[in-house]
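# Observations on the model geometry
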Amino acid sequence: MWRLVFVLAAGLTLAVVPMWPQGRGRGAATPQGPWMDAKLSPDERASLLLKEMTLDEKIQMLHGGPGGGRGAASDAAPTVEQLTQRLVATRSNGGAGFIPGIARLGIPDLQMADAATGVTRGNARSRYSTALPSNLAAACSWDPKLAFEYGALIGRELRDQGYNMSLGGGVNIMRDPRNGRNFEYWGEDPILAGYLDGQSIKGVQAQGVMGDVKHFAFNDQETGRNIGDVKMADKRVMRETDLLAFEIALRESDAAAVMCAYNKLNGDWACENSYLLNDVLKKAWGHKGFVLSDWGGTHSTTKAALAGLDIEMPGSTYFAGALKKAVEGGEVPMTRIDDMVRRILRSEFALGLFDRPPVQQVVDVFGGFELAQRVAESSIVLLKNASSQLPLNAASVQSIAVIGSHADVGVPSGGGSAQVLPPGGNAVKAAPGGRGGAVYYPSSPLKAIRAKAPRAKVEYNDGTDPAAAAALAKRSSVAIVFCAQPTSEGRDVPSLQLPDKLDELVAAVAAANPHTIVVLETGGPVAMPWIEKTNAVLEAWYPGIRGAEAIAGILFGDVNPSAKTTVTFAKSDADWPHEKVFGPPPSVAPAADAAGGGRGGRGGTAPFDITYTEGLKVGYKWFDAENKDPLFAFGHGLSYTTFAYSGLRVTASTGGVQVSFTLKNNGKREGVEIAQVYAGLPASTNEPPRRLVGWQRVPLAAGESKTVTIPVGGFHLSVFNAEKDGWELVPGEYQVSVGASSRNLALKAAVSLGR
Ligand code: BGC
């Protein structure tokens, strides 16, 4: 094997080796060295290996290339950038990111893929990946085991495709319902989101793939994400809202990496924000892994290095030659470089990257279908079901009108870096000369409905002409209107209003047929001005590659819905703390790229502030504190059976409380109830009226009743004391309430703690 050593003008030396010595999947010998002793701890192994490394080798690990980059052609005096590009071109697996390893020491290449809802960029090598329902959908199952399976499937498919690091793991809470990336996150409650995201990353890492948690932190809108400065002075507010979700996700998963966000927080870019990276992440939470920047989110060398950033991605502007110079000039101590590299190495050892590198194979397509459908069935929320409109009776329904949103061919998905590509391309082909719209998976609601009701006449209307759709609805026994709201990274939706005049369509169809069912396929919550006129509403989110089959299963009652929404549905934008997404003042916003949110770009407008004024009152806490009636409350979701709550007992237990009650299935069919526990903290804490502190999915046969016990740890009842820089359980009376949603709490009891 040949080996070239380039000595660069900047003094940086990189060992460049030909294809595959790093991957070690192609017959190359296992590297030797004391650090290969798997009996040693990851930290011991990292220390042994670190001792062997030159400064240049260390620097090589601290920046990387975009996975799809092109290589430079000539060998003459390549720049660091070109060198990275060349390595990328020869060995990258085609994912979003790549960092060349070091063959001499057996350090593997880092092959990173975006993988929030499945492995992305399948087109890079004509690879197939399972498109799971969106993260927000999966969250509505409230099921930590399912979240683990979700991550485990992604981890397996990453390995099967030759990746050893995931870039999924988004846990920004829904602070703004119009955020274009809400579909990639787990809802508005930090405790629920943190646990579910944490379990999903744990599932990824259980496959020997490094996971990451992103976007750290407060990247809660896409508009101006590269220029916006989030203003939030109160440390207690930060720790109890967005940061709490990250804290729990990291604690649950022990994720290898954290991706810092694009935006600024209180004047400093998130990727050079010492409060976020050093004080909170590394010191307070004891994160032992590394921090990599969001793509293009690094803004400096010394400041970022000292603030806690470990890897610049992608590129080499700040963490290649410039970083070496900063070390040589004494601005960045060598101990900090060692700390960066140690964090990366110990994570690679901990996740088995040295000992069990991925071996490529064809992904388990059928296993993927099975899980995708199961997740969808557990995540589709039945929001309304007047007059027991659902389930439909396949034996008696005579005719069904299926209307709108390409329901003849597929179900939509979210766009941007999380986009899993559909097999065979977009099921909705762009009109000749037209621009591509949302990407649809080939899971056809029309076909799935026909399969469930073979005796019924099932007709489709595309919904572009409300009058024609209404005419079809009028001559049908029931009308099902599909309403897709495409959303994507890089842009927010302008308002809660459904796009493409869908509100008009639903109103017209509902006026023509009293048995109108709406199936929402949205990235986040939407307003429903027509709600009183429709009998049933199903929120299917972006339901993945088997979405249609899951929707049909619920429509016809083969599956009893059990999901509950993890975001509040407001009646209008004005009900939220901020009626619109933050943006630059109109005077400084140029017409083009006013959002400034293009992927990786710096945006085309002057910087602006994002001043969140709601304090602790995020999501349902705002609606509760301000006495606003939501359209559908956080935690709401119906079943085809009904449940009754009784017999609450709340007792103080070590550091927390034990909550038990009786839950009975009052109906005629089996079902699963997601029972929820909320706590109101002592008045002296000035907390919002209640917070979710526990939940359990309880399966019950018809007529069955069970005693349910939910332990609530003291941490979830605590407040963050900024002066003491720690969590504390404030002594006093706690109001515990239990029920079916944040606004349907049948049982209440008080308990004294800490006295
Ligand atoms: C996104 C990240 C993503 C990265 C790599 C960025 O634009 O914000 O979530 O991991 O691109 O594709």
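To keep things clear, this report deals only with the structure shown in the data block. Not measured: the values here are computed from a predicted model.

### Side note on the nonpolar core
What tends to happen in soluble globular proteins is that the nonpolar side chains get buried as a cluster. Formed by 154 residues in total, the largest nonpolar core has its most connected members in F216, L243, L292, L345, I400 and I449. Those residues within four positions of L292 in sequence are excluded, and the remaining contacts are M112, M165, L167, D212, A257, V258, M259, C260, L309, I311 and M313. One finds L505, M528, V567 and F569 within the second-largest nonpolar core, a separate group that totals 40 residues.

### What about helix α13 (residues 365–379)?
Residues three or four positions apart in an α-helix share a direction because the helix packs 3.6 residues into each turn. Across its 15 residues, α13 extends 21 Å between first and last C-alpha, which sits within 8% of the 21 Å expected from 1.5 Å per residue. Buried residues belonging to α13 abut α4 (135–139), α5 (144–160), β13 (381–385), β20 (536–539) and α17 (547–555).

### Quick word on the site of the ligand
Around the ligand lies a shell of 13 residues, among which D114, R181, H215, D294 and E489 are the nearest. H215 is positioned with one of its side-chain polar atoms (N or O) 2.7 Å from an oxygen atom of the ligand. Between the ligand and D294 there is a distance of 2.7 Å, counted from an oxygen atom to a side-chain nitrogen or oxygen. In isolation the ligand exposes 310 Å². Once the protein is present, 99% of that is buried. Residue composition of the shell around the ligand, grouped by class: 4 nonpolar, 2 polar and 7 charged.

### A few points about the sheet that holds β20
Within a sheet, each strand pairs with its neighbour through backbone hydrogen bonds, oriented either parallel or antiparallel. Strand order across the open sheet formed by 6 strands is β13-β20-β19-β18-β14-β17, with mixed pairing between neighbours. On the outer flanks of this sheet lie β13 and β17 (457–461), each paired with one strand and no other. Each strand of the sheet is rotated relative to its neighbour by a mean of 15 degrees, with strand direction disregarded. The pairing of strand β14 (residues 399–403) with strand β18 (residues 478–485) spans 4 bridges and is classified as parallel. Considered in β18, the bridge of V402 is made with I480. Of the strands in this sheet, β14, β17 and β18 touch helix α15 (residues 466–474), which is tilted by about 170 degrees from β17.

### Structural notes on the state of the cysteines
Throughout the structure, instances matching the rule amount to 1 disulfide. A sulfur-sulfur separation of 2.1 Å characterises the disulfide bridge that pairs C260 with C271. Here the disulfide of C260 and C271 is right-handed, its torsion about the S-S bond being about 110 degrees. Taken together, the residues C260 in strand β9 (residues 257–260) and C271 in the loop between β11 (268–269) and α9 (274–284) connect sequence positions 11 residues apart. With respect to class, C260 is no different from C271; both count as buried. C140 takes part in no disulfide bond, and the closest cysteine sulfur, belonging to C483, lies 18 Å away.

### What to know about the packing of α15 against helix α16 (residues 502–512)
In helix packing, the relevant descriptors are the interaxial angle and the interaxial distance, both defined with respect to the helix axes. In contact at an axis separation of 8 Å, α15 and α16 are set at 30 degrees when each is read in the N-to-C sense. The angle between the axes of α15 and α16 places the two elements in the roughly parallel class. α16 is crossed by α15, and the crossing has right-handed handedness. Facing P466, A469, A470, A473 and K474 of α15, the residues of α16 in contact are L505, A508, V509 and A512. A class-by-class count of the residues in the contact of α15 with α16 yields 8 nonpolar, no polar and 1 charged.

### Some points on the side chain of E539
Following the sequence through the fold, E539 ends up in strand β20. No salt bridge is formed by the buried E539; the nearest opposite charge belongs to R178, separated by 15 Å. A polar atom in the side chain of E539 sits 2.8 Å from the side chain of T522. Discounting chain neighbours no more than four positions away, the residues touching E539 are S379, I380, V381, L383, L520, E521, T522, G524 and F569.

### Observations concerning the packing of aromatic side chains
In total, this model carries 18 aromatic pairs according to the counting rule given. Taken together, a centroid distance of 6.1 Å and an interplanar angle of 70 degrees make the contact between Y195 and W695 edge-to-face. Here Y195 is found in helix α6 (residues 190–205), whereas its partner W695 is found in strand β25 (residues 691–700), with 500 residues between them in sequence. Classification of Y195 as partly exposed rests on a relative accessible area of 22%. If you follow K264 out to its NZ or CZ, it ends over the ring of W269, 4.8 Å from the centre. Positioned over the ring face of F369 is R546, at 5.2 Å from the centre of the ring.

### Focus on the sheet that holds strand β3 (residues 65–66)
A sheet is described by the order of its strands in space; here 4 strands give the open sequence β3-β4-β5-β6, paired in mixed fashion. Strands with a single pairing partner mark the edges of an open sheet, and in this sheet they are β3 and β6 (165–166).

### Remarks on the pattern of salt bridges
Here the structure, examined in full by the defined rule, presents 47 salt bridges. One salt bridge connects D37 with K39, and the closest N-O pair in it is separated by 3.7 Å. Taking relative accessible area as the criterion, D37 reaches 28% and is therefore assigned partly exposed. Shared partners join several salt bridges into a network, and the residues in it are R181, E184, E222, R225 and E489.

### Thoughts on the pairing of strand β5 (residues 110–113)
A two-sided burial pattern is seen for β5, the buried positions comprising L110 and M112 on one face and Q111 and A113 on the other. In terms of strand pairing, strand β4 (residues 97–99) meets β5 through 3 bridges, oriented antiparallel. Within the sheet, the bridge partner assigned to F98 lies in β5 and is Q111. As paired strands, β5 and β6 are joined by 2 bridges and run parallel to one another.

### Points about the side chain of N535
Secondary-structure assignment places N535 in the loop between β19 (516–522) and β20. A relative accessible area of 14% means that N535 is categorised as buried. A distance of 2.8 Å separates polar atoms of two side chains, one belonging to N535 and the other to Q389.

Cut-offs applied
- Each chain carries its own residue numbering, running from 1 in the written order of its sequence.
- Local features in a predicted model are, by the rule used here, given only for residues with pLDDT of at least 70; side-chain atom pairs are given and counted only at 80 or more, and totals for whole chains, interfaces and linings are based on all residues.
- Working from all heavy atoms in the structure, the side-chain values ignore hydrogens and water.
- Throughout this description, the term nonpolar core refers to a set of buried Ala, Val, Leu, Ile, Met, Phe, Trp, Tyr and Cys residues connected via side-chain atoms within 4.5 Å.
- Think of it in three bands: residues with accessible area under 20% of the maximum for their type are buried, residues over 50% are exposed, and the middle band is partly exposed, with areas taken using a 1.4 Å probe on protein chains only.
- Throughout, a residue-residue contact means that at least one pair of heavy atoms, one from each residue, lies within 4.5 Å.
- Put simply, DSSP marks the helices as runs of H or I at least four residues long and the strands as runs of E at least two long, and each gets a number from the N terminus on.
- Here, expected helix span is obtained from the residue count minus one, scaled by 1.5 Å.
- Note on terminology: near, applied to a residue and a molecule or strand, indicates that one of the residue's heavy atoms is within 4 Å of it.
- Polar contact is the term for a pair of N or O atoms within 3.5 Å; when the atoms are in protein, one must be able to donate a hydrogen and the other to accept it, and sequence-neighboring residues count only if both atoms are side-chain atoms.
- Computed with the Shrake-Rupley method and a 1.4 Å probe, the accessible areas treat only the protein chains shown as cover for residues.
- By the convention adopted, Pro, Cys, Tyr, Trp, Phe, Met, Ile, Leu, Val and Ala count as nonpolar, Lys, Arg, Asp and Glu as charged, and the other residues, Gly among them, as polar.
- For two strands to pair, DSSP has to find at least two bridges joining them.
- Helix axes use the C-alpha atoms of the stretch in contact, all axes being lines fitted to C-alpha atoms, and the angles between their N-to-C directions lie in the range 0 to 180 degrees.
- When the sulfur atoms of two cysteines come within 2.5 Å, that pair is taken as a disulfide.
- Any angle that falls under 35 degrees is termed roughly parallel, while one over 145 is termed roughly antiparallel, one within 65 to 115 roughly perpendicular, and all others oblique.
- Note on convention: the crossing is left-handed when the near helix lies turned anticlockwise from the far helix by less than a right angle, right-handed when the turn is clockwise.
- By the counting scheme adopted, Arg and Lys are positive, Glu and Asp are negative, and His together with the chain ends is not counted.
- Salt bridge, as used here: a side-chain nitrogen of Lys or Arg that lies within 4 Å of a carboxyl oxygen of Asp or Glu.
- Note on ring pairs: Phe, Tyr and Trp rings are taken, using the six-membered ring of Trp, and paired if centres are within 6.5 Å. Classes follow the plane angle, with under 30 degrees stacked, over 60 edge-to-face and the rest tilted.
- Note on criteria: charge over ring means Lys NZ or Arg CZ within 6 Å of the ring centre, with the direction from the centre no more than 35 degrees off the ring normal.

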